[in-house]
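# Topology and contacts: notes
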Amino acid sequence: MTARRTSTLLLAVAGLWVTTACTSKPDMPKATGPSELGLSLQVLASPDVLNTDGLSTSQITVTARGPNSEPKPGIPLRADIRVAGAIVDLGSLSSKSTTTGPDGRATIVYTAPPGGLAGNADLGNIVQVGFTPLTGDYANAVERAVSIRLVPLGTIVFPGQPIANFTWRPTEAYEKEEVTLDAGLSKDCPLTATAPTDCFDSPTLQYEWNMDDRNIILTGRVIKYQFPQRGDYFVKLTVTNALGNKVSVTKQIDVLARQQQ
């Protein structure tokens, strides 16, 4: 009798084990990484503080990267200027659409407006330049923006750093015509400077010109250059003082086609 009960108990335990084994849930595979549609944008502005003189510019670089942080070339982007979230035409962009290059980067230039933002002192005269992908199923992408502070003319002084600025003539330039670029508006600011009037012309300043990122580097306070063909050129001037401090400014020069005779 005892042997029969023991046998029955063993069969019951075995059946329970079989039932449990058959009804257990398989392990779910773990996620292998982010969606292949993921796209991230990084936006930088240099400089991010501008005088409201209608001339000061900031070079804005946007970098597009894929789900594995790899550069994403050929991404079309729309650029907008915003104030307090609303799209406005305050200042101007060299282009409102651009496409990332082989390194995943695209660059545009923002030019400050004259006069600043009336009645917006509490916001510190802040504008934002935002970028949004134009095409493609970028479900994980959102607009990315960089902030630029606009200040009244003549208030930007960084002690110990130079001020970079330049003009060109003729102001209406034509292709293959000699254009004179003059960095005479550049100044050096001593460590004690508190206002633009404390800055001065200095023979120790060094000037380096980058002609439209074409790896054409020229030096000198005044240079002459012939733009090879019509189009928009972005000329970058970098000024270095005796302390080794560097400041750059980029301006857009519109070059016209030569008139046919």
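Here, every reference points to the structure presented above.
As the structure is a computational prediction, the values presented were derived from the model and not from experiment. (Residues numbered from 1 in each chain as written. Predicted model: local features only at pLDDT ≥ 70, side-chain atom pairs only at ≥ 80, totals over all residues. Heavy atoms only, no water.)

Across its full length, the protein holds 1 helix and 20 strands. Taken over 261 residues, the protein has a buried fraction of 36%. Look at the contacts in the protein between residues 6 or more apart in sequence, and 59% of them connect residues 24 or more apart. In the form shown here, the protein has an accessible surface area of approximately 15,800 Å², with 53% of it arising from carbon and sulfur atoms. (Helix = DSSP H or I, 4+ residues; strand = E, 2+ residues; numbered from the N terminus. Buried < 20%, exposed > 50% of the residue type's maximum accessible area, 1.4 Å probe, protein only. Contact = heavy atoms within 4.5 Å. Areas by Shrake-Rupley, 256 points an atom, 1.4 Å probe, with all protein chains shown as cover.)

The next point concerns the sheet that holds strand β12 (residues 167–169). Taking strand neighbours across the sheet as the criterion, the 3 strands line up as β12-β14-β18 in an open arrangement whose pairing is antiparallel. Either end of the sheet is taken by a strand with one partner, and the two such strands are β12 and β18 (222–226). Along the sheet, successive strands turn relative to each other by an average axial angle of 25°, direction set aside. For β12 and strand β14 (residues 178–182), the ladder comprises 3 bridges, and the chain directions are antiparallel. Paired with threonine 167 across the strands is aspartate 182, a residue of β14. (Pairing = 2+ DSSP bridges. Axes fitted to C-alpha atoms, helices over the stretch in contact; angles between N-to-C directions.)

Okay, the packing of aromatic side chains next. For the structure on display, the rule yields 4 aromatic pairs. Aromatic pair phenylalanine 166 and tryptophan 168: ring centres 6.1 Å apart, planes at 45°, arrangement tilted. A ring pair is formed by phenylalanine 227 and tyrosine 233, whose centres lie 4.7 Å apart and whose planes are at 50°; its orientation type is tilted. The pair phenylalanine 227 / tyrosine 233 is uniform in exposure class, with both members buried. (Phe/Tyr/Trp six-rings, centres within 6.5 Å; stacked < 30°, edge-to-face > 60°.)

With that settled, consider the nonpolar core. One finds Ile60, Tyr110, Val127, Val129, Phe131, Ile148 and Leu150 to be the most contacted residues of the largest nonpolar core, which totals 25 residues. Looking at this core, the elements with two or more residues in it are β1 (40–46), β3 (57–65), β4 (76–83), β8 (105–111), β9 (126–133) and β10 (144–151). At 4 residues, β4 tops the list of elements feeding residues into this core. Counting residues in hydrophobic clusters, the runner-up holds 20 residues, among them Phe166, Trp209, Phe227 and Val239. (Core = buried A, V, L, I, M, F, W, Y, C linked by side-chain atoms within 4.5 Å.)

What follows covers the environment of threonine 204. Structurally, threonine 204 is set in the loop between β15 (187–188) and β16 (206–211). Assessed through its relative accessible area of 42%, threonine 204 is described here as partly exposed. Put simply, threonine 204 and leucine 243 are 39 residues apart on the chain and 9.8 Å apart in space, counted from C-alpha to C-alpha. Apart from residues no more than four positions distant in its own chain, threonine 204 is found in contact with Thr240 and Ala242. Among the polar contacts made by the side chain of threonine 204, one reaches the side chain of serine 202 at a distance of 2.7 Å. (Polar contact = N/O pair within 3.5 Å; in protein donor to acceptor, adjacent residues only side chain to side chain.)

Structurally, asparagine 241 can be placed in the loop between β19 (231–240) and β20 (246–256). Here leucine 243 takes part through its backbone nitrogen, which lies 3.1 Å from a polar atom of the side chain of asparagine 241. A polar contact of 3.0 Å, which involves the side chain of asparagine 241, links it to the backbone nitrogen of asparagine 245. Discounting chain neighbours no more than four positions away, the residues touching asparagine 241 are Gly160, Gln161, Pro162, Asp188 and Leu205.

Let us now look at the state of the cysteines. This model, assessed by the stated rule, comprises 1 disulfide. Sulfur-sulfur distance for the disulfide between cysteine 189 and cysteine 199 comes to 2.0 Å. On the sign convention where negative means left-handed, the S-S torsion of about 100° between cysteine 189 and cysteine 199 marks this disulfide as right-handed. With cysteine 189 in the loop between β15 and β16 and cysteine 199 in the loop between β15 and β16, this pair connects stretches of sequence that are 10 residues apart. Looking at cysteine 189, the relative accessible area reads 3%, which means it is buried. On the basis of relative accessibility, which here comes to 11%, the residue cysteine 199 falls in the buried class. (Disulfide = S-S within 2.5 Å.)

So, on to the pairing of β19. Bridge count for β16 against β19 is 6 bridges, and the pairing is antiparallel. Considered in β19, the bridge of tryptophan 209 is made with leucine 237. Where β19 lies against β20, 10 bridges are found, and the strand directions are antiparallel. Residue pairing for β20: aspartate 232 is matched across the bridge by aspartate 254. The loop that links β19 with its antiparallel partner β20 comprises 5 residues; one of these, glycine 244, has a positive phi angle of about 85°.

The next thing to look at is the sheet that holds strand β17 (residues 217–219). Ordered in space as β13-β20-β19-β16-β17, the 5 strands form an open sheet in which the pairing is mixed. Because the sheet does not close on itself, it has two edges, and the strands there are β13 (173–174) and β17.

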